[in-house]
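Examination of the molecular architecture
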Amino acid sequence: MNIRDDFPILQRTSRSKPLVYLDNGATTQKPQKVIDTIDRYYRRHNANVHRAAHELAEEATALLEECRTKAQAFMNAAHRESVIFTRGTTEGINLVAQVIEGNIKAGQEIVISQLEHHSNIVPWQLLAQRTGAKIKAIDIDENGDLDLESASSLINENTALLAITHISNGLGAVNPVANLVEQAKQVGALTLVDGAQAVLHARIDVQAMDCDFYVFSGHKMFAPTGIGILYGRLELLNALPPWQGGGEMIDQVSIQASTYQPAPFRFEAGTPNIAGCAGLGAAIDYINGLPMDELIQKEEQLVNRALFGLKQIPGLRLIGEPNKRASVISFLLDNGHPNDVGTLLDQQGIAVRSGHHCNMPLMTRLGIPGTVRASFSLYNNEDDVDALLTGVEKAATFL
Amino acid sequence: MAQSMTVDELLETFSFFDDWEDKYRFIIDLGKDLGGLPESDKIDDNLIRGCQSQVWLTHTSDADGLTFSMDSDAHIVRGLIAVVLVIVDGRQASEIKRLDIENVFEQLDLLAHLSVTRGNGLRAMVARIKEVAAQAPP
Ligand SMILES: Cc1ncc(COP(=O)(O)O)c(C=O)c1O
């Protein structure tokens, strides 16, 4: 099945050559249906939500709340009240880092990993500074997989929180999150899984994973930027304080004090990104209409084809060879800085990312300045892989 | 090569390139010929912040003008540094203050490399050169 035609941007050229878009780890392109939905929202339905008694407000509210229901099903959450709209993964993690402050005691530990994106590191550093907690990072092995022994020793009675990525954005490693969450639960720690890279490459099932929090961004799954989801275990959410104050999140307000709504509204102060919710709802519908298992399998074949080809290129070094890989390939050319390679690919119309990928601790751990990262999505095809291989070969002749 | 070249020669050479390949090969070669900096100068104090590639800059000043030495860990940035050096090196601070480096980059069709979106340090480097010139005694 070919879904390329659903994504208008893939028809354009870049640097006067056909666009080869392999920066899906950064953001995915949008299908026509999502674009149309956003357009239609502003043409037909725009109003503020949950407030007015008029027809437009009713329609806008329905779009938003339907998105909540769709997101609930998308990640198999037990309750729709568990689904909180955010700006994206980063905001979801920051929200959690603020509201769980009261659950963290000085001297306790927050366990993350060497693979984390800065957005799953810095909010915890801020929380640690406020609470006197310490941060520990699970190490990786020579393949770039999490070192499970390191994990087992770090997750202990002193652990207040485990915050771990589902799939690594720098190396593509798929982590055994259910197993790690289980270990954390056994010692009574809270758990958060960063699903930013996972949404299109794995089935998301928060009940099977049994985590307390799961976060992701719409823009990495065909939806617009500025909308994301925080899943929280419902009883936990309703026991936590709000993070931002404002409209929508309150029950009663007097000049001196307020009482708050339960989840999800407690965590959704102010006018939400309604068009974004409409777009995310459309993206989920679109995904639900796809033969996902078949497409994910096809993507894995493409990634393997690319890996095979890249390994034939003299002077090319793969960075990370995880046991289970999803979507992402990181590599370096012997004589080239990642940015050199990125620029030389860009000149050929090939969009990849070069640099540290918001993984500075990981790059330091690996002793490299960064990598060139090709990241695939469901619309990539053999031509993209072949263009990448030819492009990298050509780039190598420059260096 | 870079050191002996003038801006006009650079513009003329670039005018012969009809595809990106010739141009980038030339830039990378310029970078390879760049004297660069000894390892002992590649220290944090000389590092220009906010770059994805690392860029280091030192300078000396004498009666003949300001002399800059720069280096980077990326080839293309080294080549672009060589271009910047052709524009600024050996000039008096007062001249450098007036130089329109961006304009030369625009004529070379390299302006994108000076843009904020690139984050390759070149823009910060040019800003640092201007700063050095502004602080130099008249
Ligand atoms: C693993 C991971 N976590 C978090 C983020 C941050 O996502 P966003 O910028 O959408 O908030 C990203 C995105 O690059 C990511 O790949």
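This text follows the structure it describes.
Description of the structure in this document. Keep in mind it's a predicted model, so treat the numbers as computed, not measured.

Within chain B, the regular secondary structure consists of 6 helices and 2 strands. Whereas a compact globule of 138 residues would reach a radius of gyration of roughly 14 Å, chain B reaches 14 Å, a difference of no more than 12%. With the C-alpha coordinates of chain B rotated into their principal frame, the extents come out at 45 × 30 × 25 Å. Counting only residues that meet the buried cut, chain B has 47% of its 138 residues in that class. Intrachain contacts of chain B at a sequence separation of at least 6 include 58% that bridge at least 24 residues. Both charge centroids of chain B, one from 13 positive and one from 24 negative side chains, sit 5 Å from each other.

Before going further, it helps to examine the overall build of chain A. Within chain A one finds 13 helices and 17 strands. Relative to the globule expectation of 21 Å for 399 residues, the C-alpha radius of gyration of chain A, 22 Å, shows essentially globular dimensions. With the C-alpha coordinates aligned to their principal axes, the bounding extent of chain A is approximately 70 × 55 × 35 Å. The buried share among the 399 residues of chain A stands at 58%. In chain A, of all internal contacts separated by at least 6 residues, the share reaching a separation of at least 24 is 70%. Carbon together with sulfur atoms contributes 48% to the accessible area of chain A, which is approximately 15900 Å² in total. Charge-centre separation for chain A: the mean point of 33 positive side chains lies 4 Å from the mean point of 45 negative side chains.

Attention now goes to the pattern of salt bridges. With the rule as written, the count across this model stands at 24 salt bridges over all chains. A salt bridge links Arg68 of chain A to Glu65 of chain A; its shortest N-O distance comes to 2.8 Å. Remark: Glu65 of chain A and Arg68 of chain A occur in helix α2 (residues 55-74); sequence separation between them is 3 residues, near one turn of the helix. Accessibility classification places Arg68 of chain A together with Glu65 of chain A in one group, the buried group. Where Lys42 of chain B meets Asp71 of chain B, a salt bridge forms, and the shortest distance between an N and an O atom there is 3.4 Å. Of the two residues, Lys42 of chain B is situated in the loop between α2 (20-33) and β1 (55-62) and Asp71 of chain B in strand β2 (residues 65-72); the sequence distance between them amounts to 29 residues. Judged by relative accessible area, Lys42 of chain B falls into the partly exposed class, the value being 23%. Through salt bridges with shared partners, one network takes in Glu65, Arg68, Arg80 and Glu268 of chain A.

Here we come to the site of the ligand. Residue and element names in this part refer to chain A. If you check the shell around the ligand, you find Thr89, Thr90, His117, Ser119, Thr165, Asn169, Asp194, Ala196, Gln197, Ser217, His219 and Lys220 and nothing else. Measuring from a nitrogen atom of the ligand, one finds a side-chain N or O atom of Asp194 at 2.5 Å. Contact between the ligand and Lys220: an oxygen atom at 2.7 Å from a side-chain N or O atom of the residue. Bound to the protein, the ligand loses 86% of the 390 Å² it would expose on its own. Residue composition of the shell around the ligand, grouped by class: 1 nonpolar, 9 polar and 2 charged.

Rules used in this analysis
- Residues numbered from 1 in each chain as written.
- Chains lettered and ligands numbered in written order.
- Predicted model: local features only at pLDDT ≥ 70, side-chain atom pairs only at ≥ 80, totals over all residues.
- Heavy atoms only, no water.
- Helix = DSSP H or I, 4+ residues; strand = E, 2+ residues; numbered from the N terminus.
- Rg over C-alpha atoms; globule rule 2.2 N^0.38 Å.
- Buried < 20%, exposed > 50% of the residue type's maximum accessible area, 1.4 Å probe, protein only.
- Contact = heavy atoms within 4.5 Å.
- Lys, Arg positive; Asp, Glu negative; His and termini not counted.
- Charge placed at Lys NZ, Arg CZ, Asp CG, Glu CD.
- Areas by Shrake-Rupley, 256 points an atom, 1.4 Å probe, with all protein chains shown as cover.
- Salt bridge = Lys/Arg side-chain N within 4 Å of Asp/Glu carboxyl O.
- Near = heavy atom within 4 Å.
- Polar contact = N/O pair within 3.5 Å; in protein donor to acceptor, adjacent residues only side chain to side chain.
- Nonpolar A, V, L, I, M, F, W, Y, C, P; charged D, E, K, R; others polar.

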